[in-house]
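Architecture and fold: a report
Residue strings, one per chain:
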Amino acid sequence: MKRPTTAHEMQNENNMILRGQERYNKRNSSISGSQQEIPHQELRKVLPAVSGRLATVIAEEQTGVGRPKAWAEVLTGLDTDIIAYIGLNAMYDTVVRLNTLTQCMLSIGSKINQEIWAQGLKSYDKDLFKRLEKQVTRDHSSERYRSKAMRIIASKEGYKGDTWDKQTKVHVAAPVVNSILEVSNIFDIYETNDGSKTKRYIGLTKEAEKLIEDRKLEASWASPMYGPMIVSPNKWTSFDTGAYLDPMVAANVKLVRSHTAAQARIIRSHFRDGEIPPYVEALNAVQETPLKINKDILEVVEWAIQTNQVFSKFPEVKPPKIPTMPDEAAKVSDDYRRQIRADRKDWWTKKRECVANLAVIDSDLRTAKEMADYDQFFLPWSFDFRGRMYPVSHFNYHRDDHVKAMFLFARGKKLSADSEGWLYIHLANTGDFNKISKKSLNERIGWVEDNHDKIISVAEDYKSTFDYWSTADKPFQFLAACLEYKKLKDQGLDKYVCYMPISLDGTNSGVQHYAAALRSKEDGHMVNLVPDDKCQDVYQVVANEVNRRLTKDGSEEAQRWLEFGVGRSTVKRNVMTYGYSSVERGFGDQLIDDLMIPLRKSVAYGQIPEHPFGDKREQERMARWLAKVNYESVQSVIKSVSKGMEFLQAYSHKLASEGKPVHWTSPSGFPVVQRYTKFVGKRVKIFLYDRELKKLKQSRVNILIEDNFSHDKRKASSGIAPNFVHGLDASHMHLSVLLAKDNSIEDFFLIHDSFGTTCDQTWLFYDCIRIAFLRMYKDQCVFENFENEVRDQLENPAEDLPAVPAKGDLDIEGVLESEYCFS
């Protein structure tokens, strides 16, 4: 194991700068640096060719007949090595993120615009540039707002420069994209059509895809800017501390991502007189948790990739066999032929997704292996604008199951007879076979004891038992827990040291917060705020209501759904998102994503013979049909949510009508600012290089232009419920961490409404979570607080708006005795 030092961490952060999207500003480092700085030979080789082609294109446009196009005037005199790097980096990043051609061109145009503007300001006044750069970096987290603020301030100092609109960015990006397409054999443009809309994406050529599949095209060309740290992050002592040690990296990491200037001002005021706000103390405690890599799970993830395993939500890296037309195609129906053609188009999209998945996984594995060399590492954290806490590093445990399972605590703890049961409960929860996670804590422990031999066999040979553990609810986390269980049994309780994080998850936290705020006993009981001998399951309650309605309906659609089977998993996401303003249309989209598409995947990979709901058109129809039933069922089962949402939406809509964002303070003191502006669409005509025709071809891209003076009332209304509730679950986490810290808990493993700590301190954290929840609601009404703050922002504070919904008779103190509200 390497001993982490500050010097090592500074070197790592320096590498982040070299790898990151802003690397092009470091000309010498990024263009002529070492093999490590530009790790892939193919991309390194094409950069000069792209640069040369760009120089030629610009020169030809300048010396041709007629007036040169505007983009040629813009690019003349720029270092084409830098512009070529910007284009290559943006195009590869677009491939990995599955972004559109338009997004790619806007990214390229924005970065060129920033480069030109910065060069102009430096030439105008170098000292002014340095001063303004420091100021806007302090005040704004997003690149867009920094650029805008810097231009405004610089203009007051006498320097204006050019601020490009989206149309200009697209026009300037076009020759960069065309040069890359023309002289390299790495990128291409492809189209998808969902029946109503055609979208164009940047993809890889077949040759480049082969390089990735053979692990010869490293994802580090587009490596994330921010990674884990091997020493404890800097404490947040101001809005601009930045967590990282290197000032250049830290300057780009703000306490709140995507913040507004108003929100930043309020938070800065909270830091006055050297005080650290309580919510920031919670964030500091979380990022001080030392972690380590679970090398056993790292090995299994590598094996699953190398052997092309397809299961659960594990990302596919090999596409299925391409659909083919039957030999006697003339004998099949027109509908069947259309479906085959549509399936073949989907196959090409799936292939590109697989390539992107492989690039991301390779990047994750590389980072995991680097961190595995150390006995501990850390994740720096920041807030979103609602107060939710997120790791800054792209490699973090908020990701998919296979990534989350790679994380362990660095500080292992011995267990007592009292705490041993939590390892069993965690094992049962992650497996969740036959929905054991909805049984009592003792039943979960009993399940582990009853399945002892099977669990041990999984730990002893993950390959031969793959067909079992891969069907777990969280396969890799379940496997990790099986391995820990075996260690416990082999070593005995007296010697065993546990590094496994144990998580306590809320029962639909959205409904929990609505029910607690409005004292709804009925809804509170369904989400376990009311003490009960049995663990309540709101998803099953809704599923039962859906099945009752299907049985009563008697239609052909209802019969098909009854035959297929509608269970809690079918309605779970619909129920989860209902309190976040999800409506019937959204329910249908979720059913397509969560049910219809996975079933298509099972058909494609030969796991089932045919899709139970027919072709794609019929699948969508049936999903939309069930969405209506689900929506009506959720509304009839959960009463408090709709009342709370209607109240919040009325106030948000009124402020948006006055052209104002919504400000409110969460129970932990975090200031939330919701601001949505409108966008209008515009078509831009350009010429794009066609690789098949080997010439430029007229085309167009669609862009959205932000209207900063027009507030989007629709988004303000639909966004307020999820933002308000996310602010509440964020506050609950802040307060739980602070209380836990006061009780000597120092290791945290947190994901919004999932509270994790070491196994030996889980009982203590169990109590802290409940006490913090009670304190949020016992002596205050969060809806009354919201109303008072919003009325102060209105032109007429006495405006006739809905009153706070009436309260029910829920005894909020019952949460202290509830075994299952967070389990």
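Not measured: the values here are computed from a predicted model.

1. Thoughts on the nonpolar core
- One finds Phe187, Trp469 and Phe783 to be the most contacted residues of the largest nonpolar core, which totals 230 residues.
- Beyond its immediate sequence surroundings of up to four residues, Phe187 is in contact with Leu88, Met91, Tyr92, Val95, Ile180, Leu181, Ile202, Gly203, Leu204, Thr205 and Arg691.

2. Re the packing of helix α29 (residues 640-657) against helix α32 (residues 782-793)
- Closest axis-to-axis distance for the α29/α32 pair is 10 Å, and the angle between their directions is 10°. Taken together, α29 and α32 sit at an angle that is classed as roughly parallel. As α29 packs across α32, the resulting crossing turns out to be left-handed. Contacts between α29 and α32 pair Gly644, Phe647, Leu648, Tyr651 and Leu655 from the former with Phe783, Phe786, Glu787, Val790, Arg791 and Gln793 from the latter.
- Its residues assigned to classes, the contact of α29 with α32 shows 7 nonpolar, 2 polar and 2 charged.

3. Here we look at the confidence of the model for the chain
- Averaged over every residue, the pLDDT of the chain is 86; the share at 70 or more is 87%.
- Overall, residues 17-40 carries pLDDT values under 50, and its contacts beyond four positions in sequence, including any with other chains, amount to 60 contacts.
- Low confidence marks residues 219-224, where pLDDT is under 50. Its contacts with residues over four positions away, or in another chain, come to 24 contacts.

4. With respect to helix α26 (residues 568-578)
- Along α26, the residues that are buried comprise Arg568, Thr570, Val571, Asn574, Val575, Thr577 and Tyr578.
- The secondary structure elements touched by the buried residues of α26 are α24 (538-553), α27 (584-604), α28 (616-637) and α29.

5. A short note on the side chain of Gln536
- Secondary-structure assignment places Gln536 in the loop between α23 (521-526) and α24.
- A relative accessible area of 19% places Gln536 in the buried class.
- With residues up to four places along the chain from it excluded, the contact list for Gln536 reads Thr507, His525, Met526 and Asn528.

6. What about the packing of aromatic side chains?
- One pass over the structure, following the stated rule, counts 45 aromatic pairs.
- Their ring planes at 70° and their centres at 6.4 Å tell us that Tyr651 and Phe786 sit as a pair that is edge-to-face. A residue pair is termed long-range when its members are at least 10 positions apart, and Tyr651 in helix α29 and Phe786 in helix α32 qualify at 135 residues.
- Grouping aromatic residues by their ring pairs yields a cluster made of Trp303, Phe311, Phe314, Tyr462, Phe466, Trp469 and Phe476.
- Over the face of the ring belonging to Tyr499 we find Lys292, whose NZ or CZ atom lies 3.6 Å from the ring centre.

7. A short note on the packing of helix α30 (residues 713-742) against helix α31 (residues 762-777)
- Their axes nearest at 8 Å, the elements α30 and α31 cross at an angle of 130°. The angle between α30 and α31 falls in the class oblique. Between α30 and α31 lies a crossing whose hand is right-handed. Across the interface between the two elements, Leu728, Ser731, His732, Leu735, Ser736, Leu739 and Ala740 from α30 touch Phe765, Cys768, Ile769, Ile771, Ala772, Phe773, Arg775, Met776 and Tyr777 from α31.

Procedures and definitions
- Residues numbered from 1 in each chain as written.
- Predicted model: local features only at pLDDT ≥ 70, side-chain atom pairs only at ≥ 80, totals over all residues.
- Heavy atoms only, no water.
- Core = buried A, V, L, I, M, F, W, Y, C linked by side-chain atoms within 4.5 Å.
- Buried < 20%, exposed > 50% of the residue type's maximum accessible area, 1.4 Å probe, protein only.
- Contact = heavy atoms within 4.5 Å.
- Axes fitted to C-alpha atoms, helices over the stretch in contact; angles between N-to-C directions.
- Helix = DSSP H or I, 4+ residues; strand = E, 2+ residues; numbered from the N terminus.
- Parallel < 35°, antiparallel > 145°, perpendicular 65-115°, else oblique.
- Left-handed = near helix turned anticlockwise from the far one by under 90°.
- Nonpolar A, V, L, I, M, F, W, Y, C, P; charged D, E, K, R; others polar.
- pLDDT = per-residue confidence, 0-100.
- Phe/Tyr/Trp six-rings, centres within 6.5 Å; stacked < 30°, edge-to-face > 60°.
- Lys NZ or Arg CZ within 6 Å of the ring centre and 35° of its normal.

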